[in-house]
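Understanding the architecture of this molecule
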Amino acid sequence: MANRTMTRVFTGMLLFLATVPAVRAQAVDLSTAAVVDLSHPYDAKTLYWPSAAGLSFSLEVLHSGPTPGGWFYAANRFCTPEHGGTHLDAPLHFGEGKRSVDQLPLRQLVAPGVVIDVRAQAAQDADYRLSTADVTAWEAAHGQIPRGAIVLLRTGWEARWTDRKAYFGDDTPGDASHLHFPSFGTEAVRWLIEQRAIGAIGVDTASIDHGASKDFSVHRVAAAQEVPGLENLTNLTALPARGFWIVALPMHIGGGSGAPLRAIALVAR
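Reading guide: rules and limits
- Residues numbered from 1 in each chain as written.
- Predicted model: local features only at pLDDT ≥ 70, side-chain atom pairs only at ≥ 80, totals over all residues.
- Heavy atoms only, no water.
- Helix = DSSP H or I, 4+ residues; strand = E, 2+ residues; numbered from the N terminus.
- Polar contact = N/O pair within 3.5 Å; in protein donor to acceptor, adjacent residues only side chain to side chain.
- Contact = heavy atoms within 4.5 Å.
- Axes fitted to C-alpha atoms, helices over the stretch in contact; angles between N-to-C directions.
- Parallel < 35°, antiparallel > 145°, perpendicular 65-115°, else oblique.
- Nonpolar A, V, L, I, M, F, W, Y, C, P; charged D, E, K, R; others polar.
- Buried < 20%, exposed > 50% of the residue type's maximum accessible area, 1.4 Å probe, protein only.
- Pairing = 2+ DSSP bridges.
- Right-handed = clockwise from strand over helix to strand, strands pointing away.
- Phe/Tyr/Trp six-rings, centres within 6.5 Å; stacked < 30°, edge-to-face > 60°.
- Lys NZ or Arg CZ within 6 Å of the ring centre and 35° of its normal.

**A word on the side chain of H83**
Counting through the fold element by element, H83 comes out in the loop between β3 (72-79) and β4 (87-89). A distance of 3.3 Å separates polar atoms of two side chains, one belonging to H83 and the other to H93. Ignoring sequence-local partners within four residues, the contact set of H83 consists of Y48, L88, D89, H93, S257 and G258.

Next up, the structure:
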């Protein structure tokens, strides 16, 4: 009964929010919506930025087995850097004095989503960057991007996950100077922020900047306007161009510049 009540409340909230001009989007009924997991699991295969030498995810078993009382009990301890696996970049990551993970408004992390597909372009150019022309072409086909939306970029790179060289474009230990993978372009992100007042951006590659970037200009432009980034997403191929909501809730790290992220999409059907 409690679960059904919570579902009705959350569904009602989404139905209400879908009528608010700032976040207007297709309503999603949780009783029928498809729930798509957009996060890779954290485990021994999790990929971290190449220059983060020696840093990875670790899980230490503290206890797994019977207790003196006769019942089974399991508990672990884990350790991970903020920026690895499917995670959120807070504006603080590239913006001095900007919001940390715990300071981000939840409104930016629970929002209508859209997917811009550049798989064809990325297949021809591993350094491809989303252009403003790509965005306006998407809008011509699918309608205007809602204010407050989370804009996801589908490059097809999620299929390369766990293959370090294929995913990053290089696998030189401790060296991030020869990376090649597609992502957002600076001018496209600036346009999305200024013209559509988006809430966040996300991508199925290792960074919201393309791999060959040396100045991380997308990070800096987004951070300056308090727009977080979602990196190393997966299952974007399961999403339509629009008509869904994103729930992207990071670990609530006080003062964090980033955090592990469990993101889901709620797709109307």
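Now, onward.
**Examining the packing of helix α3 (residues 132-142) against helix α5 (residues 186-196)**
Packed helices, taken two at a time, are described by their axes: the angle between them and the distance between them. Where α3 meets α5, the axes come as close as 8 Å, and the angle between the chain directions of the two elements is 50 degrees. Viewed along their axes, α3 and α5 adopt a mutual orientation that is oblique. Contacts between α3 and α5 pair T132, V135, T136 and E139 from the former with E187, A188, W191, L192 and R196 from the latter. For the contact of α3 with α5, a count of residues per class yields 4 nonpolar, 2 polar and 3 charged.

**A closer look at the pairing of strand β7 (residues 200-203)**
Across a regular strand the side chains alternate sides, sitting on one face of the sheet and then on the other. The two faces of β7 match: A200 and G202 on one face and I201 and V203 on the other face are all buried. Bridge count between strand β6 (residues 150-154) and β7: 4 bridges; the pairing is parallel. Residue L152 lies in a different strand from β7, and its bridge partner there is G202. Between the parallel elements β7 and strand β8 (residues 229-231), the chain passes through helix α6 (residues 217-224) in a crossover that is right-handed.

**Focus on α6**
Of all the 8 residues making up α6, 6 are buried; the element is thus mostly covered by neighbouring parts of the structure. Listing the buried residues of α6 in full gives S217, V218, H219, V221, A222 and A223. Against the buried residues of α6 lie β4, α5, β7 and β8. One or two residues past the end of α6 sits E226, with phi positive at roughly 60 degrees.

**Concerning the packing of aromatic side chains**
Here the structure, examined in full by the defined rule, presents 9 aromatic pairs. Among the aromatic residues, those joined into a ring-pair cluster are W49, F94, W161, Y167, F168, F181 and F216. One residue, R160, lies across the ring of W157, its end atom 3.7 Å from the ring centre.

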